[in-house]
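# Observations on chain architecture
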Amino acid sequence: MKELHWAQQAAYPVLLALQLLPLFGGVLLYLLRRQPWAENLGRAFFIAELLLAIDLYRHIDAMSPALQLAERADWLLYHTGADGVTALFVLVTALIGLLLSLYQPARERLGHGALQMLILLAQSALMAMLVTTNLLWFAAASALELVIVAVLLRIWVSGDAGDLAYARFIQYQGFGLLLFVAGAVVLAWGHADATGGSWSFDLHDLILTPPLGKFQSAAFFLLFYGLAVRTPLFPLHGWLPNMTQYGTIAIAPTLLLGVKVGIYGMARFILPLTPDAVETWQVYVVAFAGTGVFFTAALALLQTNLRRLLAFAVVSHTSLIVIGLFTLHPLGVQGALLLAVNFGFAVTVMLLMVAFVYKRTQTAELAELGGLFERIPFIAIAFLIGGFSIVGMPGTPGFDAAHLVLEASIERFGALPTVAVSLGNVAAAGFLLWAFQRAFLSPPVEGSAPQRKIERVRPMEYLLGGLTLFVLLVAGFLPEPWLHLTEAVTQAMVARFGSGG
């Protein structure tokens, strides 16, 4: 895999800037957190980060599958690079960060600038995960982000249920991170044993290591389970429903789910570094993911809390993404990565809209809602379009991505399993529409929150919701740039597999 130094393509180290700008902004906001204008300063950093992400997109050669704009500092184990898939995930990360900076309800508890500070630090960690080619840097950045999310959860949770949600989050994520680090150690050890040299955690070194035999399966399972907890994938999703219900309404779940770094890590590290194990265990992974589509969809239909329902929707649709990734087909992998980006952004939209509903009603229980469309129609429409995007309705970016996944699935696994997974997706559409009907259209029950005075939509909420809808609809009706950006990379990803092509 040929590397191109950033100086050949850009006038400055753009990947380093993407990581350091939000880090610098977070530190600066910590120093100025008591100033009333700190909040606006934080938003300026998010806008600057989005401009950097756009500049990265401008410099990426979409026709080349190589990692470009490479930056190295061997004494720090700092090795980075970017391709078309990286550029797409970086764009979404920067945009989600800007959207969260516009989210005002959380500010009431944290104060001026404090929320932006935490989101900027989390964004720095996310950027590091997306651009690094070193497994240890990926793990360290993931640990930093998880600590920030844990801080946010600790601020919001209260009571026995909240404490349990917090404890489950720490247990699951800590165990997942340890599994990932253990998998990285196995690969580095195998590299040293095979080459007679020093240990290396770098993608470019490890990809040239001779086959590790039975140790490759061990590395595969450790890395896969570590990332599956983060994704989350059935049956390793136990931390998500409680965290979504009892934690901070939108910020923490969005930082974990809006950017699907678990899926990105599978594509960046697991597929190229453990190809033999991937092909050996491909069918089993797909079987578990297919089961997860139906099982979690059924659980979603049983939920009476809108926030828990969204959590199970996340797990159900994540299973479809994993199926696409493990088709090991160019169209399936491309569709899975595009679906991950679309899904993360659509979930962000829905979480923010649910947060706006909760702020007005102080409840997410479906039995206590209803009749909200008349008072807050814009929030209802944004929630609905986000749901349409998740299930892949025409006109949303999820449509083309889901189509690619299903087409590849038919070719790899046959029509029957693919039809079954499609029916699971239809069930998902059903429970999201059912939730929309219960929360926004059904008549409110006597004494419920909607019968009391409900505040109209604020200008900042119009701005936030309008931006999300604009991005979803434009990306849905103009998918060609994103297909072009990821095509060469995904074809290269599956070239190592005997079934690729």
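The sections below set out a description of the structure shown in this document. (Residues numbered from 1 in each chain as written. Predicted model: local features only at pLDDT ≥ 70, side-chain atom pairs only at ≥ 80, totals over all residues. Heavy atoms only, no water.)

The next thing to look at is the overall build of the protein chain. A count of helices and strands for the protein chain gives 20 helices and 2 strands. Expected size for 501 residues packed as a compact globule is a radius of gyration near 23 Å; at 22 Å, the protein chain falls within 12% of this value. Dimensions of the protein chain along its principal axes, counting C-alpha atoms only, are 75 × 55 × 45 Å. A buried classification covers 61% of the 501 residues belonging to the protein chain. By element, 67% of the accessible surface of the protein chain is carried by carbon and sulfur atoms, the whole surface being about 18,600 Å². (Helix = DSSP H or I, 4+ residues; strand = E, 2+ residues; numbered from the N terminus. Rg over C-alpha atoms; globule rule 2.2 N^0.38 Å. Buried < 20%, exposed > 50% of the residue type's maximum accessible area, 1.4 Å probe, protein only. Areas by Shrake-Rupley, 256 points an atom, 1.4 Å probe, with all protein chains shown as cover.)

With that out of the way, let us pick up the nonpolar core. By size, the foremost hydrophobic cluster in this structure holds 174 residues, and its most contacted members are L56, L325 and F326. With 20 residues, the single largest contributor to this core is helix α15 (residues 330-361). (Core = buried A, V, L, I, M, F, W, Y, C linked by side-chain atoms within 4.5 Å.)

This part takes up the pairing of strand β2 (residues 78-82). The buried fraction of β2 amounts to 5 of the 5 residues, a majority that puts the element mostly inside the structure. Burial of the side chains of β2 extends over both faces: Y78, T80 and A82 are buried on one face and H79 and G81 on the other. Here strand β1 (residues 68-73) runs beside β2; their pairing, made up of 4 bridges, is antiparallel. Pairing of Q68 across the sheet is with A82, part of β2. (Pairing = 2+ DSSP bridges.)

Outside of glycine, negative phi angles account for most residues, and trans bonds account for most peptide bonds. Here the residue pair T231 and P232 is connected by a cis peptide bond, since its omega of -15° sits within 30 degrees of zero. In this structure, P232 sits in the loop between α9 (214-230) and α10 (240-246). Cis peptide bonds are those with omega within 30 degrees of zero, and the linkage from F234 to P235 qualifies with 5°. With respect to the helices and strands, the residue P235 is situated in the loop between α9 and α10. In this structure, L328 takes a positive phi of about 55° despite not being glycine. Counting through the fold element by element, L328 comes out in the loop between α14 (306-325) and α15.

None of this, on its own, says anything about what the molecule does.
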